[in-house]
Amino acid sequence: MRIVQTALLFALTTAFGCSSDLDEGDIPDYRDPKSEFGPPTATPRNTPKADDAAAPPKIVRVRWQSADDCRTDTISPVQFAIELDDANEQSTELIFDGAVSGCDSAANRFGSMINGPRVQLSCHHVSTHRVFLTVVDHQGRGDSLAFQFGPCSRGVIDTP
């Protein structure tokens, strides 16, 4: 039986081969996708002051408010308002990208949930919601903020 297994193993290795006769010209070049599709670059430490025209956008305040009739274990609307300090561009010209756990956007099902300075989401109020928000200008400079809030809550976050 052992001879049959050895013969079968030998036949398989020769049939499918472990050849070292590879042509290196057939191996495709590796391109790092991060170089083309990476996140916005970090702003250097010597960032101009916010009142300087060259300053990147900065998130200064985020407000959220659940519906007045919100109850835990239900789905209800939550409104978000993002205020920015950006001397260069209007907030409508900036790129907003954000997600909120336990929420859905009826207006934009296949992309960023938070895609503008004012957004209304439908949230299932079972547990703590986690938010990650990024705002970037057309030069790739921006600001990010992560926070969380409880079910059926309203609040404000002011950033320094």
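Before going into details, it helps to say that this report is about the structure given with it.

About the criteria used
- Residues numbered from 1 in each chain as written.
- Predicted model: local features only at pLDDT ≥ 70, side-chain atom pairs only at ≥ 80, totals over all residues.
- Heavy atoms only, no water.
- Pairing = 2+ DSSP bridges.
- Helix = DSSP H or I, 4+ residues; strand = E, 2+ residues; numbered from the N terminus.
- Axes fitted to C-alpha atoms, helices over the stretch in contact; angles between N-to-C directions.
- Buried < 20%, exposed > 50% of the residue type's maximum accessible area, 1.4 Å probe, protein only.
- Polar contact = N/O pair within 3.5 Å; in protein donor to acceptor, adjacent residues only side chain to side chain.
- Contact = heavy atoms within 4.5 Å.
- Core = buried A, V, L, I, M, F, W, Y, C linked by side-chain atoms within 4.5 Å.
- Disulfide = S-S within 2.5 Å.

**Some remarks on the sheet that holds strand S3 (residues 95-100)**
Part 1: Here we have three strands laid out as an open sheet, ordered S3-S6-S7, and antiparallel in their pairing. Single-partner strands in this sheet number two, and they are S3 and strand S7 (142-149). Taking the axes of each pair of neighbouring strands and ignoring which way they run, one obtains an average angle of 10 degrees across the sheet.
Part 2: Relative to S7, strand S6 (residues 129-136) runs antiparallel, the two sharing eight bridges. Bridged to His129 within S7 is Phe149.

**Overview of the pairing of strand S5 (residues 118-124)**
Part 1: Only one face of S5 is covered, namely the one carrying Val119, Leu121 and Cys123; the face carrying Arg118, Gln120, Ser122 and His124 has none of its residues buried.
Part 2: The sheet contact formed by strand S2 (residues 75-85) and S5 spans seven bridges and is antiparallel. Pairing of Val78 across the sheet is with Leu121, part of S5.

**Notes on the side chain of His125**
Part 1: One can find His125 in the loop between S5 and S6.
Part 2: Residue His125 is classed as buried on the basis of its relative accessible area of 0%.
Part 3: A distance of 3.4 Å separates a polar atom in the side chain of His125 from a polar atom in the side chain of His129.
Part 4: Within the local environment of His125, its side chain forms a polar contact with the backbone nitrogen of Cys152, the two atoms lying 3.2 Å apart.
Part 5: Apart from the residues within four sequence positions on either side, His125 is in contact with Ser66, Cys70, Arg71, Thr72, Asp73, Thr74, Ser76, Val78, Pro151 and Cys152.

**A closer look at the nonpolar core**
Part 1: One finds Val100 and Leu121 to be the most contacted residues of the largest nonpolar core, which totals 21 residues.
Part 2: Broken down by secondary-structure element, the contributors of at least two residues to this core are strand S1 (58-66), S2, S3, S5, S6 and S7.
Part 3: Ignoring sequence-local partners within four residues, the contact set of Val100 consists of Phe80, Met113, Ile114, Leu121, His129, Arg130, Val131 and Phe149.

**Some words on the environment of Arg118**
Part 1: Tracing the sequence through the fold places Arg118 in strand S5.
Part 2: Put simply, Arg118 and Gln79 are 39 residues apart on the chain and 7.4 Å apart in space, counted from C-alpha to C-alpha.

**Regarding the state of the cysteines**
Part 1: For the structure on display, the rule yields two disulfides.
Part 2: In this model, Cys70 is linked to Cys152 through a disulfide, with the two sulfur atoms separated by 2.0 Å. With the S-S bond torsion at -70 degrees, the cross-link from Cys70 to Cys152 turns out left-handed. Remark: Cys152 occurs in the loop between S7 and strand S8 (154-158) and Cys70 occurs in the loop between S1 and S2; sequence separation between them is 82 residues.
Part 3: On the basis of relative accessibility, which here comes to 26%, the residue Cys152 falls in the partly exposed class.
Part 4: Listing the disulfide partners of the protein by sequence rank of the bonded cysteines yields 1-4, 2-3.

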